[in-house]
Number of protein chains: 2
Amino acid sequence: MTTTTPPITLDDVRSAAERLQGVAHRTPVLRSRTLDALVGAEVHLKCENFQRVGAFKFRGAYNAASRLTPAQLSRGIVAYSSGNHAQAVALAARELGTSAVIVMPEDAPPSKRAATEGYGAEIVTYDRYTGDRAAVAEALAAERGLTVVPPYEHPHVMAGQGTAALELVEEAGELGLLLAPVGGGGLIAGSATAVKGLRPATRVIGVEPEAGDDTKRSLEAGRRVSIPVPRTIADGQALPTPGELTFSVNRRLLDGIVLVGDDEIREAMRFAFERLKIVLEPSGATPLAALLTGRAAPLPGRVGVILSGGNVDAARFARLCGADD
Amino acid sequence: MTTTTPPITLDDVRSAAERLQGVAHRTPVLRSRTLDALVGAEVHLKCENFQRVGAFKFRGAYNAASRLTPAQLSRGIVAYSSGNHAQAVALAARELGTSAVIVMPEDAPPSKRAATEGYGAEIVTYDRYTGDRAAVAEALAAERGLTVVPPYEHPHVMAGQGTAALELVEEAGELGLLLAPVGGGGLIAGSATAVKGLRPATRVIGVEPEAGDDTKRSLEAGRRVSIPVPRTIADGQALPTPGELTFSVNRRLLDGIVLVGDDEIREAMRFAFERLKIVLEPSGATPLAALLTGRAAPLPGRVGVILSGGNVDAARFARLCGADD
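Overview of the structure. Quantities reported herein were computed from a predicted structural model and do not represent experimental measurements.

**Section: the overall build of chain A**
Within chain A, the regular secondary structure consists of 14 helices and ten strands. Relative to the compact-globule value of 20 Å for 325 residues, chain A shows a C-alpha radius of gyration of 19 Å, a close match. For chain A, the spread of C-alpha atoms along the three principal axes comes to 55 × 50 × 40 Å. Looking at chain A as a whole, 58% of its 325 residues qualify as buried. Looking at chain A alone, contacts between residues at least 24 apart form 71% of all its contacts between residues at least 6 apart. Approximately 12,600 Å² of chain A is accessible, and the part contributed by carbon and sulfur atoms is 48%.

Right, dumping it as structure tokens:
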């Protein structure tokens, strides 16, 4: 039996928090009497939908990019994403006075493209049916001397994402349970490192969409397994396999994974809208769905929840949640 | 020329704030870099959509009800409303250990009725085409010894609503301009009393829907005028004439009224959803619409805005704001 050094520690998360001070928002922690009464626990909601670019992704992207050397920063950074990571890297580059190239599929939604360009990034497109976005990014990196900022598979990215949980505990106090969504696994890896570093007895449970249960299966198998690319409304969690680095953290620290269905996610988005008066994208609503369905029960007295993002436009929200019922 | 004592003063608002401590939420004041950049000012958004019952109305209802005598409270309170005031009075009654009767039209939306009953109130219905809701409430009051809690036409109600602005200034500091919606006029009367009491130079501008410009016309005429019942999506502001008491305050204190159209209100609701990640009902979005359309220009460096409520269900939001465009 061997023990290996974990890729990140609580100190790495604390160091990221220092970097992010005054750059990332210290997002509010909301409470709801209605929610508390419904689930029978004191629930503290860390609202990363209010984060810059509308999602926690900025924390990791900025922490990673800010640690590049002046020479690296002078050449610029590159990322591949058509989601929140694209805007996060674009904004991090602007804040650090460097440039960003974002590799996106040709058919990415115009609004996502415009938002990313709005932060000053250059967009390079590829054909999602014939191209390989990682290869496109690597080729650009080699050709132009750019540094790739990955969406989760990096210690500085994981540590940056973990600052959301660190702030939550600083504000809410000790928690019996932390719930967070699991996509590539960076948010929950950083968050579990933070909360278990502060208080090992806190349970940490990840939430995946039913169709995207790659981390649940991997934890059960004791190794990373791949599933077909998930079809789910939770687009931030539609990944076929956990990251290698994130899984090495999560297999040590997570107490379990619960699954929620797309209809349950829709219901949680509607609950957030109508009762909490906040906007959550599908992935951002999965931990709330886990609470509302009782899937995370039994609950301790004090529960922390990371609502990871709010990037859903009004038209998509209307399609997902607007039907009278 | 005569001077009369104003119906409320800054001290009344401060006294209301003491009553509300620990009962009403001290709602967050949000900032948005995007909004600041768009309008060219530092904008402080007082989020009364996060207030209990989802709107500022609870502040006034509770302040007024809490000042009733024990004998009055033992008999109960009554109000007529199918909107936010209904839930506000129902919750105030529950908090004070008394009972509430709410007079609503027979065809009030089932969700509003259920929400009000959820706070323990008794609902009495009337026919909106043949009945007179004020008469129904007065008859109930006489018959059962109930006390009417009006939605705006009362000093304790106005003072209670004004605590929203008092908190805003306490948190944001001095403001050059305060924008707030005008319906019956209680929120802005209390708010103007608070902010001008603290700093007379602060301008206070009310926002009405174009179709519901009764306070604007009344200020221009120097007396209360009536208009046909307005047809507007801003249902909280669909009133034909200002209150007598509220108008007596507003004619002294307001620096003007600006009007916004229903399409501009929709656009502001969509902006709040997509950029601020918060839910606003149409009336709650009117001051934001005034900002986004430039109707409130020229702006001073620091602007306060009261976002008065967020009670719109997902289906109605989808109908109002969900079209792709």
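**As for helix α1 (residues 10–20) of chain B**
All names here are of chain B. Among the residues of α1, those classed as buried are L10, V13, A16 and L20. Across the axial projection of α1, the buried residues extend over an arc of 120 degrees, all falling on one side. Opposite the buried face of α1, at more than 90 degrees from it, the exposed residues are D11 and E18. Where α1 is buried, its residues contact α3 (57–66), α8 (155–172) and α9 (186–198).

**What about the relation of the copies chain A and chain B?**
When chain A is brought onto chain B, the operation consists of a screw motion whose angular component is 180 degrees and whose axial shift is 0.0 Å, with 0.0 Å RMSD remaining. Within this description, the copies of the chain are treated as partners about a two-fold rotation axis.

**Observations regarding the interface of chain A and chain B**
Listed per partner, the contact involves 28 residues of chain A and 29 residues of chain B. Buried area between chain A and chain B, summed over both chains or domains, comes out near 2,100 Å², and the portion from carbon and sulfur atoms is 60%. The largest contributions to the chain A side of the interface with chain B come from R33, F273 and K277 of chain A, which together make up 31% of the buried area. Linking chain A to chain B there are zero salt bridges. Breaking the side of chain A that touches chain B down by element, the ones donating at least two residues are α12 (262–276) and α14 (314–321) of chain A. With six residues, the single largest contributor to the side of chain A that touches chain B is α14 of chain A.

**Concerning the side chain of R52 of chain B**
Relative to the elements of secondary structure, R52 of chain B occurs in the loop between β2 (42–47) and α3. Residues in contact with R52 of chain B, not counting those within four places in the same chain, are R33 of chain A together with V23, H25, F58, L91, R94 and E95 of chain B.

Rules used throughout
Residues numbered from 1 in each chain as written. Chains lettered and ligands numbered in written order. Predicted model: local features only at pLDDT ≥ 70, side-chain atom pairs only at ≥ 80, totals over all residues. Heavy atoms only, no water. Helix = DSSP H or I, 4+ residues; strand = E, 2+ residues; numbered from the N terminus. Rg over C-alpha atoms; globule rule 2.2 N^0.38 Å. Buried < 20%, exposed > 50% of the residue type's maximum accessible area, 1.4 Å probe, protein only. Contact = heavy atoms within 4.5 Å. Areas by Shrake-Rupley, 256 points an atom, 1.4 Å probe, with all protein chains shown as cover. Arc of directions from axis to C-beta. Least-squares fit on C-alpha atoms with pLDDT ≥ 70 in both. Buried area = accessible area lost by both parts, 1.4 Å probe. Salt bridge = Lys/Arg side-chain N within 4 Å of Asp/Glu carboxyl O.

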